[in-house]
Amino acid sequence: MMTDFESIIQSVYESVKNGDNKGEVASYIPELKDVNPEHFGACLSTIDNRVFGVGDFQKTFSIQSIVKVFSLCMAYRISGQKLWKRLGVEPSGNPFNSLVQLEADNGIPRNPFVNAGAIVICDILLSVLPDAHKDFLTFMRDISDDDSVNYSERIASSEKSAGYRNVALCNFIKSFGNIHNEPEEVLDFYFRICSIEMTCEGLSKAMLFLANGGRKTTDKRAIMNPSQAKRINAIMQSCGHYDESGEFTYRVGLPGKSGVGGGIAAVHPQDFSILVWSPRLNARGNSHRGMKFLEEFTTASQCSIF
Ligand code: GLU
């Protein structure tokens with residue numbers, strides 16, 4: 001694809017920066033509420049390893065739920081199809097931390113990107129990995145080609161101190177028999193993976209294997225097979241933006257995943273991955289300027305998948 005990403009990214013960035021910066025920074029995790037709401041950056045990485053960054057694309061931020069893409073990849077790679085006995089692949093239509101559906105669904109979360117599903121994924125990883133905390137970090141460092149990627153103990157313990165809903169979710173799922181380890185152990189792992197801090201540049205590079213049929217673009221190793229990568233992209237498309245996944249598909253038209261730290265990751269299969277970060281969130285928990293940026297970007301570049 002010979003699109004002029006450099007000038008498109010630059011002009012979309014200027015246009016969105018000059019517009020409004022509405023919404024609120026996430027405050028239910030105490031450590032997140034002090035972030036400067038004016039931060040704004042984006043980075044696009046292509047599968048032929050060109051990188052186009054703008055604004056605060058080299059500042060670290062809390063990746064939060066974007067990590068759920070990577071924990072899903074790791075669990076799917078290890079467990080294959082039997083993963084889907086423990087959770088589904090349907091959009092939930094409910095907020096990310098909702099408890100209501102679980103009752104009717106007998107403790108089987110709708111998908112791996114709502115908190116309930118991500119907690120079940122953490123339980124699976126704890127059961128199958130010799131040292132889940134260490135092994136997950138090794139996986140993140142491997143796909144990022146960056147040994148400095150790390151958990152933030154500050155953010156993890158901040159979330160733990162106020163994570164009442166996630167505690168409720170985990171115990172509730174356990175009551176249906178769909179959590180096999182001790183809830184406290186599962187939650188410690190969940191809070192830790194959500195606490196990872198990365199830059200737009202680092203995350204866009206880490207996502208690239210999903211644009212490249214499951215294969216890293218640097219050392220060319222397969223992280224997963226093409227069919228698995230296709231399915232992860234499909235789940236991002238239908239479930240990646242809380243109960244605004246339909247709106248994201250309508251406005252942006254790329255598989256993607258957002259986090260309450262204000263990051264949004266998106267993938268264009270066979271071409272690139274793109275990361276945008278701006279901390280103010282709309283009412284559904286997605287970055288306000290992030291959504292606008294990606295909408296204007298896919299319009300200007302004609303790079304939606306539709
Ligand atoms: N750690 C956050 C939570 O569990 C992640 C939420 C998100 O980014 O969607 O509430």
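About the thresholds
Residues numbered from 1 in each chain as written. Predicted model: local features only at pLDDT ≥ 70, side-chain atom pairs only at ≥ 80, totals over all residues. Heavy atoms only, no water. Pairing = 2+ DSSP bridges. Helix = DSSP H or I, 4+ residues; strand = E, 2+ residues; numbered from the N terminus. Axes fitted to C-alpha atoms, helices over the stretch in contact; angles between N-to-C directions. Contact = heavy atoms within 4.5 Å. Near = heavy atom within 4 Å. Polar contact = N/O pair within 3.5 Å; in protein donor to acceptor, adjacent residues only side chain to side chain. Areas by Shrake-Rupley, 256 points an atom, 1.4 Å probe, with all protein chains shown as cover. Nonpolar A, V, L, I, M, F, W, Y, C, P; charged D, E, K, R; others polar.

1. Let's talk about the sheet that holds strand β7 (residues 272-277)
Spatial ordering of the open sheet is given by β2-β1-β7-β6-β5, a layout of 5 strands whose pairing is antiparallel. Each end of this open sheet is capped by a strand with a single partner; those strands are β2 (51-55) and β5 (256-258). Going across the sheet, the axis of each strand differs from the next one's by a mean of 10 degrees, ignoring polarity. Two strands pair when backbone bridges link them, and β5 and strand β6 (residues 263-268) are joined in this way by 3 bridges, in the antiparallel orientation. Each residue of the ladder has a partner; that of Ser 258, found in β6, is Ile 264. Sheet contacts for helix α12 (residues 288-301): β1 (41-46), β6 and β7; angle to β7, the most-contacted strand, approximately 145 degrees.

2. Description of the site of the ligand
Close contacts around the ligand come from Tyr 28, Gln 64, Ser 65, Phe 96, Asn 115, Glu 159, Asn 166, Tyr 190, Cys 194, Tyr 242, Gly 259 and Val 260, and that covers them all. Between the ligand and Asn 166 there is a distance of 2.9 Å, counted from an oxygen atom to a side-chain nitrogen or oxygen. A distance of 2.8 Å separates an oxygen atom of the ligand from a polar atom in the backbone of Val 260. Summarising the interface, the protein chains cover 100% of the accessible area of the ligand, which totals 300 Å² for the free molecule. Among the residues forming the shell around the ligand, the class breakdown is 6 nonpolar, 5 polar and 1 charged.

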